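# Residue-level structural notes
One-letter residues, chain by chain:
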Amino acid sequence: MESSVYKFLPVFMVLFPICMSVVIFWVSRYSERLRNGLSVATTVVTFIAVAALYPPMAAGKVIAYTIFDILPGLGLSVRADILSFCLALISALVWMLVSIYSIDYMSHEHGTDRYYPIFIFVLGSCLGIFMAGDFFTLFVFFELMSLLSYVLVIHEETKEALRAGYKYLIMTIIGGLALFFAIVIVFELAGSVSLSEGTLVAVPSTMALLAFINFLIGFGMKAGMFPLHVWLPDAHPVAPSPASALLSGIMLKTGAYGLLRVIFTVFNIPLIQEARWDIIVLVLAVITILLGSAVALTQEDLKRRLAYSSVGQMGYVILGMVLFTERALIGDIFHIFSHALMKSTLFLAAGAIIWKTGLRNINDLHGIGRKMPLTMGAFTLAALAMIGIPPLNGFLSKLNLGMGALEAGAPVYLFVLLVSSLLNGLYYLPIIIAAFFGEAHGEDDHETETFKMSEATRGMVIPLCLLALSCLVFGLMPGNIFFELSRKAAAFLFLQGMP
Amino acid sequence: MFQQLPVILLIILLGAAFIVPLLGRKREWLAFILTAAVLFALFLGAIVLLFVVRYHGPFTYQLGNWPPPWGIELLVDYLAVYVLMILGTIAFLVMAYGARDLQHEIGTNVRHWYYSLYLLLLFAMSGMALTNDLFNLFVFMEISAIASCGIISIKEERRCAEAALKYLILSTLGSGCFLLAVAMLYMVTGNLNLQYVAGGLPAALSLYPYNILIALSLIIVGLGVKAALFPLHVWLPDAHSAAPTPSSAVLSALVIKIYAVAMVKIFAVFPAELFAVVPVLEIVLILSALAAVAGSVFAMLQDDIKKMLACSSIAQIGFVFMGIGFFEGQALIGGLLHIFNHAVIKAMLFLAAGLIIYATGIRRISEFRGLGMRLPLTMSAFVVGALAMVGIPGTSGFVSKWYLALGALESGKPFYIVVILLSSLLNGVYYFPIVITAFFGSEPQPSTERRDLPLSMLVPVLLLAAATIFFGFYPRPLVELLQQVLASQGLR
Amino acid sequence: MITVLDFLLLLFLIVCAVAVARIRDLLSAVVIFAAYSLVMAIIWQMLGSPDVAITEAALGAGVTTFLFIAAISRTRRTE
Amino acid sequence: MDTVFRLGDNLYYLAAMVLFIIGFHTMLTHANLIKKLLGMNIMETAIFLFFVATGYIRGGRAPIMQVGQDHLYVNPLPSALILTGIVVAVSITAYALSLIIRLYRHYGTLDANEIALLRAREDE
Amino acid sequence: MDDLVTRSVCRLMVPFVQLYGAYLIFYGHLSPGGGFAGGAVVASSIILYALSFGRETAVLRVAPGISHLLESSGGLWYLLVGLCGIMLGGNFLANKAAGFYLGIPGQLFSSGIIFLLALGIGMKVSSTMVTLYYNLSAEVNDEDGHGI
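Residues numbered from 1 in each chain as written. Chains lettered and ligands numbered in written order. Predicted model: local features only at pLDDT ≥ 70, side-chain atom pairs only at ≥ 80, totals over all residues. Heavy atoms only, no water.

## Details of the overall build of chain B
Short version of the rule: Note on conventions: DSSP H or I runs of at least 4 residues are helices, E runs of at least 2 residues are strands, and numbering of each starts at the N terminus. We compute the radius of gyration over the C-alpha atoms and compare it with the globule rule, which gives 2.2 Å times the number of residues raised to the power 0.38. Only four residue types enter the charge count: Lys and Arg as positive, Asp and Glu as negative, with His and the chain ends excluded. Working definition for charges: the position is that of NZ of Lys, CZ of Arg, CG of Asp or CD of Glu.
Secondary structure assignment for chain B yields 20 helices and two strands. Over its C-alpha atoms chain B spans a radius of gyration of 22 Å, differing by no more than 12% from the 23 Å that the globule rule assigns to 492 residues. Structurally, chain B occupies a C-alpha span of about 75 × 55 × 45 Å along its principal axes. Within chain B, one finds 26 positive and 22 negative side-chain charges whose respective centroids are separated by 6 Å.

Take a look at the structure:
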């Protein structure tokens, strides 16, 4: 009885938001409040549904079954294992908090009637990616999510947003087509694209390499890997801040998730190591890390700087998965958690500032910390975590990544991590210092303004602070739940990749 | 009883085509009802034939009880049934849409002629699907050429006449080539019946190889002109865009495909060794690859929505021919499947474009700003079409591309996957901006002139859009049917 | 063995065809085309297809010529 | 010499091919629409000639039944087919002519290139 | 064309041409000819008449409406005769198999339905040709210039 409930849960958590988005779309004609309430309720219910999956997942069980076959050997199927659970959990959590934040943030925006349904629908398709039992299902939801998030990207419908959105759309299509290519090749080589059948391609060949490269293009595009990151710094800043938080915090991770599956399930560690394909990924990851961090330094726009920072951080995630030590993998998965928390905090904080003051340029933010102490406090916490200051979660992931690099016998990557952390510090710290200690630029009435606290609304500040606190909690507490999950997932994945 | 069904279908189509003009312009509604009923009967008949073929196997029908080598023979096999089903469904839906649309596109005095020509066209296409006789195929080709020119030139615009004339001349060129090829095949085999030609060809191949090769190339040129295979496509953009919307839909969705089907039928006759020796199929493949890319590039350059859709058909027929060019296994399934999928998608897109023109009078894509708010359902259907054209999974466009790609890998030519992907990307590049312009980037003008569209026009579009999604998730019956097509044609 | 008549008729056909293609006066071209059709009818009779010969004489030489002349009279005569 | 004989045997086919090419060429290269149509007709009759020649048996008779006689008949099938072909050709010619008249009424010219030019200008 | 000679000759010729056309149609199964050729000959007689007497006079004799009617009914007739084959247990257009009276070869009423079919074809072809001619020679403002 109980197991059948668990069996049903993955489908439920995908279908429920998707169905609710239709309801929300319909409701939004009649009542805005009901619409907002329903949106939050949907994310909450979805989060509970995801969390309810914890017992079997923690026990190491795998839920996998096929719903129906579209074509012979190709169908919609479900698979929930510890890795997919990790990602689903963090997605649902962040989504829930962001949806609360959205209500106030979006209250002055136009087009909210389409924002909420899409917002909820993207949650469903995002979970669909994680709960997919084969690459076809994954592909379906991946495309669904990518295309729909286009609407989130261009929400403001300015010329700039439309241009960025178009770039995003075309890159998405390219990525989707590359995935299509890769999946076709794997299907032809292995006769199946299921995630549950162990290694699908065990022999290196030109075709396999072609598949690998195409997977890398498809998922790397989404994950913002160099040189395919070009859409990201344009698309993330133009979206409304809650959407940017999700785009940077969660949707980038779908690419990382896909790459994890490709490396450990479609292929396996010996194959990739023998064929030296990991070199490609390693080089690209290192470039991604350094380039993202370095370019972030030069950005004046706050959200743009955050977006470039995301590029750098995704580089860590991509690096971690090809070091091929269990320790690095723990750090890798934990960094997915931490980055989701940190980056959504940062974007939400930036959003709160923009919402309240309309300021986007970093040079204008002097003294903002005195005006909005809670917001900037959360920002500071997350930024410190980003740099990797010890008691915060960012430190924990970087520590594990670095130790993994040492275990793998490649201390050079530790050096890359350190350089990148330094760069992180260089571009985050000035913002913080200026915000709290800098003189405000306002000429006439800054005397009165600086001492008047004017935070954003409670509905925005509370999710923001919760997220910021989680950065602290999940760094400070050793053996916390996310870290435990990462450990289990890493062990599971490593086992899968080592036939 | 069912033995007579194929010919009865042809008779009612032709008979109705004769009766409809007699009803004249006074009882035009009667003419319309008769047309619609006959088209629906075609659809039902195709379904019945499907079951007959499934339970009793393919069967032949001798006109006038003349035994095969002399008489004309109809062959009801899986391929014919598949094509008939497509013809019936799409033609019926397009006609249902046309009831209203034609009222403002063509004059009252010619509308009954339009129905007649439409039925004649369907008669010719069904005949091409069913016939097992080369010369008969030629006759049906000519009838369909005249009828399709008729439904183009019936509109009182001078560019329609020009487009129709261009089409007529090139299409006669094509059928001339085809007839010459038929004559050459007849010369060396002494038969016109496809089965007997197939029987005679291996022997003839050793005696008159050049005759057969010339015949083969003439067939490719002849049918290629009519199906708008890449370098021979010049007539298509004008003809398909100038015509009244229902004609455009039927021409793009059905007429060009039926020649591809004819090519499959004829290629199946030639011995496999011939294709192994002579790179005929490679040429078709290369042309199809060029078509897939070039058609998309042409479409990108258009501003007129119907012209853009017409150019996109050039690219899509390229996919169909790609399947034929591989001529085996999965790729052929993909190509044949694309006949259906593209028929559904392109008919839907043309009808949606027609709805836009009907409701707003806008033809230029650059003026589409804000249309998404004014015609939400139509533009949503357009979105589905655009997604299917790009081949997003969950739409029927994906499935055919999937099979084509698998086939390309199977044949060890992954290069063609790149072509497919490139063409899909280009599709995205020109379809999505339409959707974007329509939905985003304009001041929202709620409820401004939200004109109610007639249900009879909207429902076919929505049904076709639903079919696009349905067959994206449940293509199995079609694929299984096509596997039987391949099995019964003696292909892998 | 081919007879001289066959040869001459075919030669005449080709000459007519070239003339039709070259002549700039449309009406003359049509008249030459009528002659071409009639010779074609004779050739078909010689090839043992009297049905085709009659039909060609009536349709090809007769009706087609009528139609062409009707069309030319409604448009223009020179190329 | 042998080649000449073989050529002589295939004289009808040869002539049909020459006519086909002349017609094809006229149809494609002439700008005048009526000329194009004449070329089309020449091309079609050339194909018919080819077709009938395939059915011709030297010394055969026209396939007309005469009671009580037995002859070598010419294959009747090609001529039966050609009948249909001629009718189709005539109807296409007639239809094309009606279109040409319409075009002339609208554009005042029979030159395909000029019409294309006028249309292009109109589209802009 | 107000030429007395032309008109008189035409008036004399037309009945004979039509007779010859009818002969071709009815004797198509016995001698060269048949529906196509006969129909064309009949049509050419009418076109000849129209050429010499002018279109208006010809329209009075054979109205376009009648021509349209004959066109459709010719086709329908052909189909109906063909359907008889099915009714009598054969296939479409069945002749011998459906048990039609084949008669004695060489006589007018022989070879079953071929004669009837030729009649349908003759009707169809002649009326189509006439319609085509009418359409081509129609005045500029005529609105019925479309049917093929």
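And the narrative resumes.
## Comments concerning the interface of chain D and chain C
What counts is decided by this rule: Contacts: residue pairs with any heavy atoms within 4.5 Å of one another. A 1.4 Å probe defines the accessible area here, and the buried area is the portion of it lost by two parts on being joined, summed over both. Here a salt bridge means any side-chain nitrogen of Lys or Arg lying within 4 Å of a carboxyl oxygen belonging to Asp or Glu. Polar contact is the term for a pair of N or O atoms within 3.5 Å; when the atoms are in protein, one must be able to donate a hydrogen and the other to accept it, and sequence-neighboring residues count only if both atoms are side-chain atoms. Only Asp, Glu, Lys and Arg are considered charged in this grouping, and only Ala, Val, Leu, Ile, Met, Phe, Trp, Tyr, Cys and Pro are considered nonpolar; every other residue, Gly among them, is considered polar.
Listed by partner, the interface residues are 44 residues for chain D and 43 residues for chain C. Each partner contributes to the roughly 3,800 Å² buried at the junction of chain D and chain C, and carbon and sulfur atoms together form 78% of this total. Of all residues in chain D, the largest losses of buried area upon contact with chain C belong to D:Tyr12, D:Lys35 and D:Leu38, amounting jointly to 15% of the total for that side. Our enumeration of links across chain D and chain C arrives at zero salt bridges. Where chain D touches chain C, the interface holds six residue pairs in polar contact (both at pLDDT 80 or more). For the side of chain D that touches chain C, the secondary structure elements donating two or more residues are helix 1 (2-9), helix 2 (11-29), helix 3 (33-55) and helix 4 (76-107) of chain D. Its residues assigned to classes, the side of chain D that touches chain C shows 31 nonpolar, ten polar and three charged.

## Topic: the packing of aromatic side chains
Selection criterion: Each pair of aromatic rings taken from Phe, Tyr and Trp, with Trp reduced to its six-membered ring, is defined by centres within 6.5 Å and is described as stacked if the planes are under 30 degrees apart, edge-to-face if over 60, and tilted in the remaining cases. Between buried and exposed lies partly exposed: a residue is buried under 20% and exposed over 50% of the maximum accessible area for its type, with that area taken using a 1.4 Å probe on protein chains only.
Taken as a whole and assessed by the stated rule, the structure comprises 57 aromatic pairs over all chains. Measuring from ring centre to ring centre gives 6.0 Å for A:Phe215 and A:Phe219, while their planes differ by 5°; the resulting arrangement is stacked. Taken together, the residues A:Phe215 and A:Phe219, both in helix 8 (residues 206-223) and four residues apart, mark about one turn of the helix. Using a relative accessible area of 0% as the deciding quantity, one classes A:Phe215 as buried. With 6.0 Å between their ring centres and 45° between their planes, B:Phe40 and B:Phe43 make a pair best called tilted. Of this pair, B:Phe40 and B:Phe43 both sit in helix 2 (residues 28-56), three residues apart, which is roughly one turn of that helix.

## Quick notes on the arrangement of the chains
When the six pairs of chains in contact are ranked by number of contacts, first place goes to chains C and D. Between chain A and chain C there is no contact, and the shortest C-alpha to C-alpha separation is 52 Å. Here chain B and chain C are not in contact; the least distance found between their C-alpha atoms is 15 Å.

## Describing the side chain of A:Asn424
Residues and elements named next belong to chain A. Mapping Asn424 onto the fold places it in helix 18 (residues 411-437). On the basis of relative accessibility, which here comes to 0%, the residue Asn424 falls in the buried class. A polar atom in the side chain of Asn424 sits 2.8 Å from the side chain of Tyr427.

## Observations concerning unusual backbone geometry
In this model, A:Phe226 is joined to A:Pro227 through a cis peptide bond whose omega is -5°. Relative to the helices and strands, A:Pro227 resides in the loop between helix 8 and helix 9 (232-238). At A:Glu157, a position not held by glycine, the phi torsion is positive, near 60°. Tracing the backbone shows A:Glu157 in the loop between helix 6 (135-153) and helix 7 (159-190). Positive phi, close to 50°, is recorded for B:Phe327, a residue that is not glycine.

## Concerning the nonpolar core
How we decide: By nonpolar core is meant a set of buried Ala, Val, Leu, Ile, Met, Phe, Trp, Tyr and Cys residues that side-chain atoms within 4.5 Å join together.
Judged by nonpolar contacts, the single largest core of 538 residues is most densely connected at A:Phe215, A:Phe267, B:Phe267, B:Trp402 and D:Leu49. When neighbours within four sequence positions are excluded, A:Phe215 is seen to be in contact with A:Phe135, A:Leu179, A:Ala182, A:Ile183, A:Val186, A:Gly220, A:Leu259, A:Val262, A:Val266 and A:Phe267.

## Examining the confidence of the model for chain B
Detail in the predicted coordinates should be disregarded across regions flagged by low pLDDT. Definition in use: The quantity called pLDDT is the predictor's confidence in a given residue, expressed from 0 to 100.
On average, residues of chain B carry a pLDDT of 87, and 97% of them reach 70 or more. Across the assembled chains, the prediction reports ipTM 0.87 with pTM 0.90.

## Description of the pairing of strand 1 (residues 63-71) of chain A
All names here are of chain A. The condition is simple: One requirement defines pairing of two strands: DSSP has to find at least two bridges between them.
With seven bridges joining them, strand 1 and strand 2 (residues 74-80) adopt antiparallel strand pairing. Looking across to strand 2, one finds that Ile63 is bridged to Ala80. Linkage of strand 1 to strand 2, two consecutive antiparallel strands, is achieved through a turn of two residues, within which Gly73 is found at a positive phi near 80°.

## Quick look at the environment of B:Leu462
Residue and element names in this part refer to chain B. By the secondary structure assignment, Leu462 is in helix 19 (residues 455-473). The exposure class assigned to Leu462 is partly exposed, which follows from its relative accessible area of 31%. Separated by 127 residues in sequence, Leu462 and Gly335 have C-alpha atoms that sit 25 Å apart.

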